[in-house]
Amino acid sequence: DLLARDKESLAAVETADTGKTLVESRIDIDDVISVFRYYAKLVATQSDRLVDVGDPAVISRVVHEPIGVCVLIAPWNYPLLQISWKIAPALAAGCTMVAKPSEVTPLSTIAFVRLAQEAGVPPGVLNLIQGSGAAVGAALTDNPDVDFISFTGGLSTGQNIARSAAAHVSKVALELGGKNPHIVFADIGTGDAWDAAVDQVLTGVFLHSGQVCSSGTRVILEESIADDFVAQLAERAEKIRMGDGTDARSETGPLVSQQQLDKMEAFVALGISEGAKLVTGGQRHALGGSFFEPTLVTGVTPAMRMAKEEIFGPVAPLFRFSTEAEA
Ligand code: NAP
């Protein structure tokens, strides 16, 4: 209820920290509210429940048993939502926890912890610690007193954390990166159906400037429609209105940091050096700051790094296929 009360200010904080549009931030905060309501309901309905497994000789009971001390580490792309997916179930299960948001986007988690205090969460249950992943994050995940680590972030960090958890045999949950395909077949249809497919691909690759782990970052097009489809994608990508997330006219915001901007430039340069060609974009946006143009790259083969590694930004490699098996 306190989250709902403060939805507008939380959304404003998220936009200030990430650069995403206020429309997106409001959707994020609505999701956060739903997450807490969902786990609150689970506490009320799932604890100490007997499950009928169809065998009278077997008793199966859902037991409410906290794991213990949880370390919760979240990334910067959906700061409050990502950490809520960890805090809400940990609270519901009766655990104590240390939450570490990304140092790039700490503000909404600070605001959240203040709300938790206002709601009466007892001292010592929900602890917030700030600082870089390399220093503070590693100190937390290396600590043998920790019973459970929940981490969302990049693959190599996740691999390190799995090693730390193994050393202490603590439980660990990892949500890592992705390289998700969008496959577009020639039978998508025409008119509205065609436009809907173009919309889906654009949203999949350019929402939040591509800084989404489930981003549709490999666009795989059937040969017979590829030229027309790419032409439309490019035309529409060039019309995406980038800008300040607080400006209602903006359709998408900047990248979260200079570091991400540098990474996009490096990926485009790498793709071109490996033989890919720019269809549109490929540069820092005229707006300056950490804005990067929505970028489409063709001539990408599955062996190229751009085809295999997560880009995590507004750069979409395009592929072609002739048969479903090849796709
Ligand atoms: P990252 O570098 O792995 O960082 C994620 C979090 O881990 C941040 O809080 C970071 O702190 C912390 N961290 C960094 N090094 C650490 C270490 N050695 N020990 C403990 N914690 C450490 O990832 P990112 O670049 O911020 O985020 C992008 C990645 O997250 C992408 O790969 C994306 O796909 C993935 N992601 C996955 C999901 C999912 O649900 N599967 C959702 C969103 C994002 P600092 O930032 O403060 O240094």
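Starting from 1, residues in each chain are numbered consecutively following that chain's sequence as written. The predicted origin of the model limits local features to residues at a pLDDT of at least 70 and limits the giving and counting of side-chain atom pairs to 80 or more, whereas totals for whole chains, interfaces and linings rest on all residues. Here the side-chain values reflect all heavy atoms present in the structure, with hydrogen atoms and water set aside.

The subject of this paragraph is a nonpolar patch on the surface. On the surface, a cluster of nonpolar side chains totalling about 200 Å² of accessible area is made up of Val51, Val53 and Val58. Looking at the element boundaries, Val53 is found in the loop between strand S1 (49-51) and strand S2 (60-62). Only protein chains enter the area calculation, which uses a 1.4 Å probe; residues under 20% of their type maximum are buried, those over 50% are exposed, and those in between are partly exposed. Since its relative accessible area comes to 42%, Val53 is described here as partly exposed. A patch is a set of surface residues, each over 30% in relative accessible area and not in a salt bridge, joined within 9 Å for like charges and within 5 Å for the nonpolar side chains Val, Leu, Ile, Met, Phe, Trp and Tyr. Computed with a 1.4 Å probe, the accessible areas rest on the Shrake-Rupley method; for each residue, only the protein chains presented here act as cover. Here, a salt bridge means any Lys or Arg side-chain nitrogen found within 4 Å of an Asp or Glu carboxyl oxygen. Secondary structure elements are defined from DSSP: runs of H or I of at least 4 residues count as helices, runs of E of at least 2 residues count as strands, and each element is numbered from the N terminus.

This part is about the pattern of salt bridges. Evaluated as defined, the whole model comprises 15 salt bridges. Among the ionic pairs, Arg241 bridges to Glu251, the shortest N-O distance being 4.0 Å. Taken together, the positions of Arg241 in the loop between helix H9 (223-238) and helix H10 (258-273) and Glu251 in the loop between H9 and H10 put the pair 10 residues apart, joining distant regions of the chain. Using a relative accessible area of 46% as the deciding quantity, one classes Arg241 as partly exposed. Several salt bridges share partner residues, and in doing so they unite Arg5, Asp6 and Glu118 into one network.

We call a residue near a molecule or strand as soon as one heavy atom of that residue lies within 4 Å of the molecule or strand. Around the ligand, a shell composed of 28 residues is seen, among which Ala74, Glu103, Thr157, Leu176 and Glu310 lie nearest. At 2.7 Å from an oxygen atom of the ligand is found a main-chain nitrogen or oxygen belonging to Ala74. Polar contact is the term for a pair of N or O atoms within 3.5 Å; when the atoms are in protein, one must be able to donate a hydrogen and the other to accept it, and sequence-neighboring residues count only if both atoms are side-chain atoms. Residue Gly154 places a main-chain N or O atom 2.8 Å away from an oxygen atom belonging to the ligand. Starting from 910 Å² of accessible surface for the ligand in isolation, the protein chains cover 84%. Counting residues per element, the ones that place at least two in the shell around the ligand are helix H6 (133-141), strand S6 (148-152) and helix H7 (155-168). For the shell around the ligand, the element with the highest residue contribution is H6, accounting for 4 residues. Residue polarity is assigned by list, with Asp, Glu, Lys and Arg as charged and Ala, Val, Leu, Ile, Met, Phe, Trp, Tyr, Cys and Pro as nonpolar; anything else, Gly included, falls into the polar class. Partitioned by chemical class, the residues of the shell around the ligand number 12 nonpolar, 12 polar and 4 charged.

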